[in-house]
Amino acid sequence: MQRSDTHRPLRAHQGRLPLPRPVTLPIAIVLMLGCIAPAWAATLGRVEFDSAAPRLDSPILGDPIQGDLARPQGAGPFPAVIALHGCAGMHDTTKQRLADALVAWGYVVLLVDSYATRGINHVCTSGAFATFVKRRQDAYGALDFLARQSFVDRHRVAAVGFSAGAWVTLSVAEPNSFEQFVAPDSDLRFRAAAAFYPPCRGASTRPAIPTLIFIGAADDWTPAADCSGKVADWGNDGPPIELIVYPGTYHGFYYVHLQPGARLFDHWLEYNGAAADDATDRLHRFLDRHLN
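Residues numbered from 1 in each chain as written. Predicted model: local features only at pLDDT ≥ 70, side-chain atom pairs only at ≥ 80, totals over all residues. Heavy atoms only, no water.

Looking at this structure, how should I read the side chain of His85?
Its place among the elements puts His85 in the loop between strand S3 (78-84) and helix H2 (92-104). In this structure the side chain of His85 is engaged in a polar contact, spanning 3.1 Å, whose partner is the backbone nitrogen of Ser114. Those residues in contact with His85 that sit more than four places away from it in its chain are Met90, Val112, Asp113, Ser114, Tyr115, Arg135, Phe162, Ala164 and Gly165. (Helix = DSSP H or I, 4+ residues; strand = E, 2+ residues; numbered from the N terminus. Polar contact = N/O pair within 3.5 Å; in protein donor to acceptor, adjacent residues only side chain to side chain. Contact = heavy atoms within 4.5 Å.)

Sorry if this is basic, but what is going on with the sheet that holds strand S8 (residues 241-246) here?
Across the sheet, eight strands lie side by side as S1-S2-S4-S3-S5-S6-S7-S8; this open sheet has mixed pairing. Edge positions in the sheet fall to strand S1 (45-50) and S8, since each of these pairs with one other strand and no more. On average, each strand axis in the sheet is tilted by 20° relative to the strand beside it, whichever way the strands run. The strands touched by helix H4 (residues 164-172) within the sheet are S3, strand S5 (152-162), strand S6 (192-196) and strand S7 (211-216), with S5 carrying the most contacts at an inclination of about 135°. Running at roughly 155° to S8, helix H5 (residues 224-234) makes contact with S7 and S8 of the sheet. (Pairing = 2+ DSSP bridges. Axes fitted to C-alpha atoms, helices over the stretch in contact; angles between N-to-C directions.)

Explain the pattern of salt bridges to me, please; I cannot follow it from the model alone.
Here the idea is simple: oppositely charged side chains can pair when their charged atoms come close. All chains considered together, the criterion is met by twelve salt bridges. The residue Asp68 makes a salt bridge to Arg46 at a minimum N-O spacing of 2.9 Å. Placement of the pair is Asp68 in strand S2 (residues 64-70) and Arg46 in strand S1, with a sequence separation of 22 residues. The salt bridge partner of Glu242 is Arg282, with a shortest N-O separation of 3.5 Å. Of this pair, Glu242 sits in strand S8 while Arg282 sits in helix H6 (residues 273-291); the two residues are 40 residues apart in sequence, bridging distant segments of the chain. (Salt bridge = Lys/Arg side-chain N within 4 Å of Asp/Glu carboxyl O.)

Help me understand the state of the cysteines, please; the structure alone is not making it clear to me.
For the coordinates displayed, the defined rule picks out two disulfides. The residue that forms a disulfide with Cys87 is Cys124, at a sulfur-sulfur distance of 1.9 Å. The S-S bond linking Cys87 to Cys124 shows a torsion near 95°; that makes this disulfide right-handed. Taken together, the residues span a long stretch of sequence, with Cys87 in the loop between S3 and H2 and Cys124 in the loop between strand S4 (108-113) and helix H3 (128-147) at a distance of 37 residues. Taken individually, Cys87 and Cys124 each receive the classification buried, so the pair is uniform in this respect. With a sulfur-sulfur separation of 2.0 Å, Cys200 is cross-linked through a disulfide to Cys227. For the disulfide bridge between Cys200 and Cys227, the dihedral angle about the S-S bond is near 85°, and by the sign convention the bridge is right-handed. Of the two residues, Cys200 is situated in the loop between S6 and S7 and Cys227 in helix H5; the sequence distance between them amounts to 27 residues. Residues Cys200 and Cys227 agree in their burial class; the two are buried. Among the cysteines of the protein that take part in disulfides, numbered as they appear in the sequence, the pairing is 1-2, 3-4. (Disulfide = S-S within 2.5 Å. Buried < 20%, exposed > 50% of the residue type's maximum accessible area, 1.4 Å probe, protein only.)

Here is the structure:
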């Protein structure tokens, strides 16, 4: 596993993983992903685009997909983030706080909704793999859509996914994953990937782009041990991969609406302000380092 000297993954110490720093901010500020909340909220606009068919130059279109788009003021072109939701979609609170943070950092953000046009409620108990295959196409359709916007720098786009969406993120980060959907002479690629509590057991080939993975040590849905083992197996040959493991932290630690925690689909989900705060700070620096 590769990492920078200044942002080291958390290591075990006497059987426990120390939190990188305590949260002392009030809840009102933590709601804004642990950052000082801006006095404004990013405006989310609904957009529609086509899921990628095999090869973006194919005359056969993919499924129509919707999403929520937010952007900084100005002409750009700006770097961009494509955000991919979990198996039950994305809560409106998470959408807004993620958009607020990314736009404040100077990024366009497209929150892909893979369910609305397909009439899907959730795939948390069945249909996960079949939906995962389609969602890879959605990610590349979103990338193509952003690449055609004058205010987006097509060469600086990252994928950020949550849970099942993080599985998709690790998939599009694999070497040559774009070849099925992008014309051979195209330079259209994802440039970085960040995955929040992904099911690492489902990941295969080592990511070919810089990748950041966040996982909770107490996650009983996507276990941290799966990610630790996978990253160790991948080795150090290639772009940097950073794994951050948070002690005493459960699945869904980023979702502020999960307080108090709750048992959903036979798994415990719970917001953790300290982990969310640290992950946000690391995500900001990661994106700036690889997209700017």
